[in-house]
Each structure stands twice: as C-alpha cells, then as structure tokens.
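Spelled out, the chains give:
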Amino acid sequence: MSLDDLKLLISSAGADRRSVEDSVAKIGRASCADMILAEIVDRFDSPLSGDGDGENVTIRMVFVERGVEESRILRASRDGIQVVDPDDAVVDATISHDLCELAQLTYGFTGAADAASRRVALRDIDKLASYKKAPVHFFVVQRILEVIDRRGATGLTELAGRYGADKWGIHLYTEHYERHFARLRDRQLTILEIGIGGFADPSAGGSSLRMWRHYFPRAVVHGVDIHDKSPHNELRIQTHCGDQSDASFFTDLVAQVGPFDIIIDDGSHVSEHVLASFRTLFPLMRPGGIYAIEDLQTSYWPRFGGSSLDVNSPQTSMGFLKGLVDGLNHEEFLVDAGREPQPFDADIKTAHFYHNLAILEKGFNREGGGPDWARFGLDSNAPR
C-alpha cells in the first residue's frame, strides 16, 4: 500500500464505476482490499463491553473483483478490531462485497453507491428466536456495516471524546469547527495540523490527527511537530518533524504534499511562531481553504510573546488578526487615511472569531469600493 495508491482510489471512488475499476486494476486487488480494511479498522468503535460480552468475534471479509475473491479475517474485541492471520477459530460471520462497490461506499461521496452486492452470513442465525438477546457477533456485524455505509456520521464532539482530543472538554472548539467543516466532509482534502501533542514522547499525542482522519473519510491528514512523531504514521496520517517558525521547512512541505485545504495551528502558541507560520502557509493554501488558529489566549500572556496591556500590537497573534479584519474592507479606506495595502487584504474572504479560536477563509476579496457619490457626497470636492 502507498499513499499515492490511496489517493488514486479515493479520487476514482468520487467519480464513476469505470474509474474505480481502472484504479483497482492498476493498484491491485489485494492492496485495495487492505486499504479498505485499514479504513474499517480505523473507524470501528467496538460495541463489546467486556462485561459478559467480552469474547472475541471473528469476521471473514470477502472482496470480489471480476469473479475472483480476496479474503481477510477480522478479530473484534472490546478494544477495537484488527486484521489477523487465518486460523482455526470459528468464523462468526462472513461479509461479502463487490470490491469496486465497496471502494465507492468507503471512499466515495455519501450515496455514491448502493450496497447491492453485499451478502452477510451470520452464525446461529437459525437460533435467533431462542435468544433473549442477539449474540454479540450480530452487533459487531451491524457496526462494521455502519462504518462502511457511514450511517449516522459521527460528529466532531463525539470523535474528540473517542480519541481523547482536547478540542472539546478542555476547549469547546468542535461545535465551531463543525459549523465550518461539515460541508467539506465528502471532499478529497489535504489537511495540515501544526502540533501533534505529547511533547518529546514520540508515541504520545496524535489524538487530533485521528479525529480529523475519521471526520474526513476521503482526506489525507498531515501533522507537523518539532519532535519526531513518526510512530503515528498511518496510511491517511503522515507526520513531519520541523519548526513551525521555519519558512523554508513549510515551503518545502507544501511543495511535497500540498497545497493544503485546511490548516489548524495548534502548535507552540507563541505569537512569533503563529505569525511566521501564517505568513508562509496562507499564501500557499488552495483558494477556498480554511486556516484556523487555536489557543489565542496566549496572545495576552507575556511568556508567549503576548501582552494584556497592548492588545492591539501587531506583534501579538490577536493584534495581527485584528488588522486582518480591517483588511476585509481594504477597498473602502479613503486615500487620505494613509493606510498602506497589506499582504493579505485581497485574499481573505471571511474571518470568524470565537473564544480563543480564529477561523479564516481564503478567497477573492476584490469586489471594488463603494461608489464615490456615497463615500464623498454628491457635491463633495473631497480628494478621491
């Protein structure tokens, strides 16, 4: 499996059946099956409690492509689900699917395909009426099918809790992100989050990256941290080690994996670093992209380069952002105001501010100023 192959499969899944068939032929049946299984594993939230339902559940997944079957074994427990080597354990259920159709369900737009080829065989189905409660493997199969079909798509607040991200609980960012990101969930995106968490421990952190990966099922999520975080690398999560104040690092990164559609700055929160990252990355974003800056309370704290005394200083995060708000109306300033054009005036379409959070959208901001008669009056000789 490779990231390029995954991008190809995601892109074709958003097109038509023939495109998916061509991609599967190019990538290979086995690799496509493994990609889809990895996605199921990532999205799966186990229904097994461990209290009376603690036994493992074994599921056979069968992928059919041009009449040829590719089979894998999944083992579910209270801790999740994983791909295992075939053994002599009793298979509790078999789920069979046309591979191309399954790729469209997993990676395509919502409703891109129907599960017309799906076949489910459950052990002990003939005994169901005699059970007071359905066997646990029934619920595991239901959860797998929900994952594939993306039924009842999980919101960011629930995902933050599931993965332990501090974007809800410690902060209350998820409801604001949902407002801006919900319309983008079906798109094939390239996302960057600055700051992976866990400080110097390579294995710590990564909660937000997993939250974004789950929320955006067709996206590749990149994370940047000053510490090595490579243990978090997965097929749709890629980590990079670098300093967020280093312009050349970000320029090279965009050239390699960008442009980015969404950028979230949850890095050092030092004003100097926040502004350096924004000045480098925002111009390189894709038009229509969204740039979020978190934890702006540090703009008022001296140890982060902020100030509670000079709150409008352009050297602080909030002071700088306040200047960008004026830039939304850059064409309305009168000549004698003496305001010089600013680098981001013409490319910021919207700016939204919440508690400790700013969200900016890149877009066309050259609509033209108000008419002269409105600005100066019908008979005015004021300078234009």
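See the structure above.
Report on the accompanying structure. These numbers were taken from a predicted model, which means no experiment stands behind them.

### Section: the sheet that holds strand β9 (residues 262-265)
So, point 1. In spatial order, the strands read β8-β7-β6-β9-β10-β12-β11; together these seven strands make up an open sheet with mixed pairing. This sheet does not close on itself; its edge strands, each paired only once, are β8 (237-241) and β11 (348-354). Direction aside, the axes of adjacent strands within the sheet are offset by 15 degrees on average.
So, point 2. Across six bridges, the pairing between β11 and strand β12 (residues 357-362) is antiparallel. Across the sheet, residue histidine 352 finds its bridge partner in β12, namely isoleucine 359.

### Some details on the pairing of strand β1 (residues 57-65)
So, point 1. Extensive coverage of β1 is indicated by the burial of seven of its nine residues.
So, point 2. Across nine bridges, β1 lies against strand β2 (residues 68-77) in antiparallel orientation. Following the sheet pairing, phenylalanine 63 is matched in β2 by glutamate 70.
So, point 3. Between β1 and the antiparallel strand that follows it, β2, lie two residues; arginine 66 among them carries a positive phi value of about 55 degrees.
So, point 4. Of the strand pairs in this sheet, β1 and strand β4 (residues 93-98) are connected by six bridges, and their pairing is parallel. Following the sheet pairing, valine 62 is matched in β4 by serine 96.

### Details of the environment of alanine 292
So, point 1. As for its position among the elements, alanine 292 is in strand β10 (residues 290-294).
So, point 2. Taking the C-alpha atoms as reference points, alanine 292 and isoleucine 264, separated by 28 residues in sequence, lie 4.7 Å from one another.
So, point 3. For alanine 292, the contacting residues outside a window of four places in its chain are Tyr177, Ile263, Ile264, Asp265, Leu357, Ala358 and Ile359.

About the cut-offs
Residues numbered from 1 in each chain as written. Predicted model: local features only at pLDDT ≥ 70, side-chain atom pairs only at ≥ 80, totals over all residues. Heavy atoms only, no water. Pairing = 2+ DSSP bridges. Helix = DSSP H or I, 4+ residues; strand = E, 2+ residues; numbered from the N terminus. Axes fitted to C-alpha atoms, helices over the stretch in contact; angles between N-to-C directions. Buried < 20%, exposed > 50% of the residue type's maximum accessible area, 1.4 Å probe, protein only. Contact = heavy atoms within 4.5 Å.

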